[in-house]
Amino acid sequence: MQSRVWERLGECGGLPLSDDESFRSAQIPGSSWTCWKRTKCASIPPSTLDRANGDLVAFPMDPSCLEFSLTDDESEAFDRDGYLIIEEALSPDQVDLLNGVLDRFVERDMITHAGVRRSKGRLNVIDIAGRDPAILDLVDHPRILPKVWGILGWNIHLYHSHYIIGAPGEATPGAPSKMLRFHQDSGRINIDIETDPRPRISLKVGYLLSDASQPGCGNMWVVPGSHLRNTLDPPASGQSQPEGARPIQAPAGAAVIFDRRLWHAGSPNLVPVARRAL
């Protein structure tokens, strides 16, 4: 699919990409093809593709985003632990806006069931990036994209997006009593690539839209440093978590950037408020 998109980009009169430019997806008017317009951390509202004489229009980078470039300490921590927590990535107003978007999504998705996956009180809906401008704006968020390109380089593609909502719980918050379902992302890649450790290839950014500052809030659990291991040894009893596992604890508005190879798991939401993340 990526090769076909880039072929179409050439037909649209795309210009060469320099090291200072990134992309924002947009729909070609009158076509089913998705093309890209070139931006980086630009405060430009998403819209239909801007064109001039048949060419894609390049927008200048907003240099203020460089304030949030990946630091040496963050780079070292990501390479060591496999994840970063960026607090206050979203403002309270942005969190409210995105929760409103999710409310509309849920109302529609419970009717159409398109891309919907449900399991034990959790709603997981895929392929959401282009469904609302507020979601699309997260792709080149000025506080996050500079850290993403600092880790992966400038030649990056968005290939997966989803939201997850965990239903409100009724139990007392605390550590899960049974081992969670730890896994690495990217599925088939982990079978086909035989190196040890496997290559990074991609990362994921999760935006928290509900408070997860305490355990028991449907937190994602991680095993720091496990991105450098192809396997994860479970505890013999099956009644606890792998050695070193811990919950990600962060408030609403935080973003979690993690290596796709990091062994991680979802956990039950035990508080009377829905757990929400993009």
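Everything below is about the structure printed above this text.
All of the points below concern the structure found in this document.

## Some remarks on the sheet that holds strand β12 (residues 255–259)
By definition, the strands of a sheet pair up through backbone hydrogen bonds, in either a parallel or an antiparallel sense. The strand order β5-β12-β9 describes an open sheet built from three strands, whose pairing is antiparallel. Strands with a single pairing partner mark the edges of an open sheet, and in this sheet they are β5 (83–86) and β9 (203–207). Taking the axes of each pair of neighbouring strands and ignoring which way they run, one obtains an average angle of 15 degrees across the sheet. Bridging between β9 and β12 involves five bridges; their strand directions are antiparallel.

## Structural notes on helix α3 (residues 92–112)
Over its 21 residues, α3 extends 30 Å from the first C-alpha to the last, a length consistent with the 30 Å expected when each residue adds 1.5 Å. Those residues of α3 that fall on the buried side of the exposure criterion are Val95, Leu98, Asn99, Val101, Leu102, Phe105 and Asp109. Looking straight down α3, one finds that the buried residues subtend no more than 165 degrees of arc, so they occupy a single side. Of the residues in α3, the exposed ones pointing more than 90 degrees away from the buried face are Asp93, Asp96, Glu107, Arg108 and Ile111.

## Section: the pattern of salt bridges
If the charged atoms of two oppositely charged side chains come close together, the side chains can form a pair. Counted by the stated rule, this structure contains ten salt bridges. With a closest N to O distance of 2.9 Å, aspartate 259 and arginine 200 form a salt bridge. Note that aspartate 259 is positioned in strand β12 and arginine 200 in the loop between α6 (189–192) and β9, a separation of 59 residues in sequence. Take aspartate 259: its relative accessible area is 0%, and that puts it in the buried class.

## With respect to the pairing of β12
With respect to burial, β12 is a largely interior element, five of its five residues being buried. Along β12, one buried face is formed by Ala255, Ile257 and Asp259 and the opposite face, lined by Val256 and Phe258, is buried too. Judged from the four bridges that link them, β5 and β12 form a sheet pairing that is antiparallel. In the sheet register, leucine 84 faces β12, and the bridge partner there is isoleucine 257.

About the criteria used
- Residues numbered from 1 in each chain as written.
- Predicted model: local features only at pLDDT ≥ 70, side-chain atom pairs only at ≥ 80, totals over all residues.
- Heavy atoms only, no water.
- Pairing = 2+ DSSP bridges.
- Helix = DSSP H or I, 4+ residues; strand = E, 2+ residues; numbered from the N terminus.
- Axes fitted to C-alpha atoms, helices over the stretch in contact; angles between N-to-C directions.
- Expected span 1.5 Å × (residues − 1).
- Buried < 20%, exposed > 50% of the residue type's maximum accessible area, 1.4 Å probe, protein only.
- Arc of directions from axis to C-beta.
- Salt bridge = Lys/Arg side-chain N within 4 Å of Asp/Glu carboxyl O.

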